[in-house]
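Working through the structure, step by step
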Amino acid sequence: MKILVTGATNGMGKGVSKILAGSDNQSHEIILLCRSEKSGLETIKEIENATTNKKLSLLLCDLAKLSDVRNAVNEIQNKHKSLDSVFINAGLGYAAGRVETEDGMDSHFQVNYLSQFMLTLNLLNLLENSENGGRIIFNVTRGGNIIWDDMQMKNGWGYEKGIHQAMAAKRMFLIKLHNLYKMRDSSRVTFIGFEISKTVWSNQINIIPLYMKTIATLIKFLGGFISIDECGSIMAPLFTESLEESLKRSGKFITWKKNKFSEIPEDNFVLDKGNQDRLWKASLALCNDLKTEQIAEALCN
Ligand SMILES: NC(=O)c1ccc[n+]([C@@H]2O[C@H](COP(=O)([O-])OP(=O)(O)OC[C@H]3O[C@@H](n4cnc5c(N)ncnc54)[C@H](OP(=O)(O)O)[C@@H]3O)[C@@H](O)[C@H]2O)c1
């Protein structure tokens, strides 16, 4: 299978990339979308050494720049005829203050959600071409809402607020996509929201302030974290399972508990079609990209 992972240089994205690269006789081709060529190449080397899989490649893209997303889309469309799976994962975690992107957006909103909204819409044709049935796994957590009157959080910014808003937005987006594809005669692309039930020991530990690091280290000592490899092992089947299995999960919000995938009840706010449509329209306006609008229009008609 050919699998694209966003945010593959660290944390959950790296764990998933590594486990998938090493599974099924190293048969999977992994495309690592990352913002730094240096850490991307280092990650490839590390995974190659751990797995002997040599089918790893880089797709450079800083998700804080919509121009980068456009270039990455052009590059992948020129190089590949199909994609089997995508992991929508990259995200900013802790931050000491609000950072505005060159597109004038809050960086948590743009990196964690909007750029990946645009990326996803522009990859759908490649997923539709998958012989195995395309699937997109969204890395999400429960809770959150859309701050309609201040989406860019110019007033009352908080990094946790930004993360949660992006999580709610991703869940609304995947349900909307699932419903649009469900209306087609033979839907062969699935959209799944996955929440990891235990905290993953990720690169966040190197970013958070010292007091948080001390608490996290204590919690780790008490067994409160899982490694990125454990996270990758839990998630890997979602990328490679049969289309029949994947179709059963499409449009759902799931987690892994007691050694099986189980559904998490979704919030009414997220399930509300009016809210989904409102977010869809607002996101398209913020992308301000003709091709993305044309894709969205074709999907809705
Ligand atoms: N850790 C957990 O327990 C946990 C639980 C539930 C959900 N999550 C979510 O999972 C996602 C990943 O978290 P993590 O803990 O694995 O974090 P992490 O270790 O900090 O990894 C984040 C990944 O996103 C990439 N990234 C950040 N900004 C980017 C940008 N502008 N352009 C492209 N890539 C960018 C990072 O690249 P660099 O290496 O260049 O920084 C890195 O590869 C986040 O959305 C987080 O909210 C995490």
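Heads up: these notes are all about the structure in this document. (Residues numbered from 1 in each chain as written. Predicted model: local features only at pLDDT ≥ 70, side-chain atom pairs only at ≥ 80, totals over all residues.)

Per the secondary structure count, the protein chain includes 11 helices and 10 strands. Whereas a compact globule of 301 residues would reach a radius of gyration of roughly 19 Å, the protein chain reaches 18 Å, a difference of no more than 12%. Considering only C-alpha atoms, the protein chain reaches an extent of 50 × 50 × 40 Å along its principal axes. Intrachain contacts of the protein chain at a sequence separation of at least 6 include 76% that bridge at least 24 residues. (Helix = DSSP H or I, 4+ residues; strand = E, 2+ residues; numbered from the N terminus. Rg over C-alpha atoms; globule rule 2.2 N^0.38 Å. Contact = placed C-beta atoms within 7 Å.)

As a further point, take the sheet that holds strand 5 (residues 134-139). Ordered by their spatial adjacency, 8 strands build an open sheet running 3-2-1-4-5-6-9-10, and the pairing between neighbours is mixed. The sheet terminates laterally at strand 3 (56-60) and strand 10 (260-263), the two strands that pair on one side only. Within this sheet the neighbouring strands show an average axis-to-axis angle of 25 degrees, counted without direction. Judged from the 3 bridges that link them, strand 1 (residues 2-6) and strand 4 (residues 85-88) form a sheet pairing that is parallel. Its bridge partner being in strand 4, Val 5 is matched across the sheet by Phe 87. (Pairing = 2+ DSSP bridges. Axes fitted to C-alpha atoms, helices over the stretch in contact; angles between N-to-C directions.)

Time to look at the nonpolar core. Within the largest apolar cluster, 78 residues are counted, with the highest numbers of intra-cluster contacts made by Val 5, Leu 32 and Leu 33. Among the elements that take part in this core, helix 4 (residues 107-128) stands out by supplying 12 residues, more than any other. Beyond its immediate stretch of four places on either side in the chain, Val 5 contacts Gly 13, Val 16, Ser 17, Ile 30, Leu 32, Leu 33, Phe 87 and Asn 89. (Core = buried A, V, L, I, M, F, W, Y, C linked by C-beta atoms within 7 Å. Buried ≥ 20, exposed ≤ 12 C-beta atoms within 10 Å, placed from the backbone.)

Bringing the site of the ligand into the picture now. Around the ligand, the structure places 30 residues, and the nearest of them are Gly 7, Gly 11, Gly 91, Ser 202 and Asn 203. Counting only elements with at least two residues in the shell around the ligand, the list comes to helix 1 (11-22), helix 4 and strand 7 (199-200). If one sorts the elements of the shell around the ligand by residue count, helix 1 sits on top with 3 residues. For the shell around the ligand, the residue count by class is 11 nonpolar, 17 polar and 2 charged. (Near = placed C-beta within 6 Å. Nonpolar A, V, L, I, M, F, W, Y, C, P; charged D, E, K, R; others polar.)

Burial analysis of strand 1 places 5 of its 5 residues in the buried class, the great majority of the element. Covered by surrounding structure in strand 1 are Lys 2, Leu 4 and Thr 6 together with Ile 3 and Val 5, the residues of both alternating faces. Bridge count between strand 1 and strand 2 (residues 29-34): 5 bridges; the pairing is parallel. Bridged to Thr 6 within strand 2 is Leu 33. Read as a crossover between parallel neighbours, the route from strand 1 over helix 1 to strand 2 is right-handed. (Right-handed = clockwise from strand over helix to strand, strands pointing away.)

With their axes 10 Å apart at the nearest point, helix 3 (residues 66-79) and helix 4 run at an angle of 20 degrees to one another. Put simply, helix 3 runs roughly parallel to helix 4. As helix 3 packs across helix 4, the resulting crossing turns out to be right-handed. Residues Leu 66, Val 69 and Val 73 of helix 3 lie in contact with helix 4, whose contacting residues are Ser 115, Met 118, Leu 119 and Asn 122. For the contact of helix 3 with helix 4, the class distribution of residues is 5 nonpolar, 2 polar and no charged. (Parallel < 35°, antiparallel > 145°, perpendicular 65-115°, else oblique. Left-handed = near helix turned anticlockwise from the far one by under 90°.)

Before going further, it helps to examine the packing of helix 5 (residues 159-182) against helix 10 (residues 273-287). Direction vectors running N to C along helix 5 and helix 10 enclose 100 degrees, while the axes themselves pass 9 Å from each other. Classed by the angle they form, the pair helix 5 and helix 10 counts as roughly perpendicular. Here Ala 169, Met 172, Ile 175 and Lys 176 of helix 5 come into contact with helix 10, specifically with Asn 275, Gln 276, Leu 279 and Trp 280. Looking at the contact of helix 5 with helix 10 residue by residue, the classes come out as 5 nonpolar, 2 polar and 1 charged.

This part covers unusual backbone geometry. Here the phi dihedral of Asp 24 falls at roughly 50 degrees; this positive angle occurs in a residue that is not glycine. The backbone of Met 153 shows a phi angle near 50 degrees, a positive value even though the residue is not glycine. Position of Met 153 among the secondary structure elements: in the loop between strand 5 and helix 5. Residue classification places Met 153 among the partly exposed residues on the basis of 18 C-beta atoms within 10 Å.

Let us look at helix 5. Between its terminal C-alpha atoms helix 5 stretches 35 Å, which fits the 34 Å expected from 24 residues at 1.5 Å a residue. Counting buried positions along helix 5 gives 18 out of 24 residues, so the element sits mostly inside the fold. (Expected span 1.5 Å × (residues − 1).)

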